[in-house]
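# Chain and residue survey
Here are the chains, one letter per residue:
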Amino acid sequence: MIDEAGLYHVDPSSRNTSDPLSVQICPQIANCTDTKFSQARALVISFQRSGLNWLRHCAEYYGSIRTPGRPQLIREGPVLFDRAHDVHRSTKRSNFAGLYTADGREVYGKVALLLRDPYDCFTSHYLGQRGFRFKKGLTAFESYANNISAFDRLRRAEKAVFYFEDYINQEAGTFAFLRFFGIDPGNGPHHFEALIESSRAWYRVEHGVITDQERPKLSARERAAIREMLQRCLGQKYEKYLVSGIRDIGDD
């Protein structure tokens, strides 16, 4: 769906799940690095704790191609996309080094932005860290807004926004993300529940688990400070990207 600003929003319910399989899945997926992709250089922008590891797991399973980050199912070969948690910083686990070349041209032909409720992002990433101070965390969290602004400024790339509640452990939203990057899971069987469990098992090994009961909560004052920062940094983009796409955020 194209909005008035020319931004492509993915509606998972509108995707055609009966298309033929466009990428051959290798039987020995963990050892397969032969899949070929002839698409423009691609990027996923996502603040930490936005569900990218789940989407990586699915991309590697259905596409038989490596994704950037800690190894999951595919350990060698080219990557499907680069990733950026903060568009102003490079990372050791991705080839991302900026959105523009030295002469000002856009690097990427295809860019996806993952958006999770900002309060949940902040809580999951910062609260519970040893020595955490809210004011310092709030300043660092401006990266969340910077990612949205940088994405919005891109003019030549094919762009899509994906919302956490639509894709996390959700077949329709996950498959919409995969198809955006040229992977079609086909007609099934998809073994989706088993894929959820294997992704969770990988995450527990790599990151451990924190329950909702253990996770600290934001106070009303802290939520207000986060909202004010986002509104100040984003202006009209706050409504365009957050209020329009994330449940309940406009009710604060």
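Going by the structure above, here's the rest.
Here, residues in each chain are numbered from 1, in the same order as that chain's written sequence. It should be noted that, the model being predicted, local features are given only for residues of pLDDT at least 70 and side-chain atom pairs only at 80 or more, the latter also being counted only at that level, while totals for whole chains, interfaces and linings use all residues. Here the side-chain values reflect all heavy atoms present in the structure, with hydrogen atoms and water set aside.

### Some words on the pairing of strand β4 (residues 158–163)
- By the criterion of burial, β4 is predominantly enclosed, with five of the six residues buried.
- A pair of strands is labelled paired if DSSP reports no fewer than 2 bridges between them. To qualify as a helix, a DSSP run of H or I must reach at least 4 residues; to qualify as a strand, a run of E must reach at least 2; elements of each kind are numbered from the N terminus. Bridge analysis of strand β3 (residues 110–115) against β4 gives six bridges, and the strand direction is parallel. Across the sheet, residue leucine 114 finds its bridge partner in β4, namely phenylalanine 162. Each residue gets one of three labels from its accessible area relative to the maximum for its type: buried under 20%, exposed over 50%, partly exposed in between, using a 1.4 Å probe on protein chains only.

### A few points about helix α8 (residues 220–234)
- For α8, spanning 15 residues, the distance from its first C-alpha to its last is 21 Å, which sits close to the expected 21 Å at 1.5 Å a residue.
- Taken as a whole, α8 has its buried residues at Glu222, Ala224, Ala225, Ile226, Arg227, Met229, Leu230 and Leu234.
- Here, two residues are considered to be in contact whenever any of their heavy atoms come within 4.5 Å of each other. On its buried face, α8 is in contact with α2 (118–125), α3 (134–140), α4 (142–153) and α9 (236–243).
- Glycine 235 lies just past α8 and shows a positive phi near 60°. The length a helix should cover is 1.5 Å for every residue beyond the first.

### Some details on the pattern of salt bridges
- Every case where a carboxyl oxygen of Asp or Glu lies within 4 Å of a side-chain nitrogen of Lys or Arg is listed as a salt bridge. For the structure shown, the criterion picks out eight salt bridges.
- Of the charged contacts in the structure, one is a salt bridge between glutamate 60 and arginine 56, with a shortest N-O distance of 3.8 Å. Taken together, the residues span about one helical turn, with glutamate 60 and arginine 56 both in helix α1 (residues 52–63) at a distance of four residues.
- The class of glutamate 60 is buried, set by a relative accessible area of 0%.
- Using a relative accessible area of 0% as the deciding quantity, one classes arginine 56 as buried.
- The shortest N-O distance in the salt bridge between arginine 200 and glutamate 197 comes to 3.2 Å. In this pair, arginine 200 and glutamate 197 are both assigned in helix α7 (residues 192–207), three residues apart and thus about one turn of the helix distant.
- Looking at arginine 200, the relative accessible area reads 40%, which means it is partly exposed.
- Residue glutamate 197 is classed as partly exposed on the basis of its relative accessible area, which comes to 40%.

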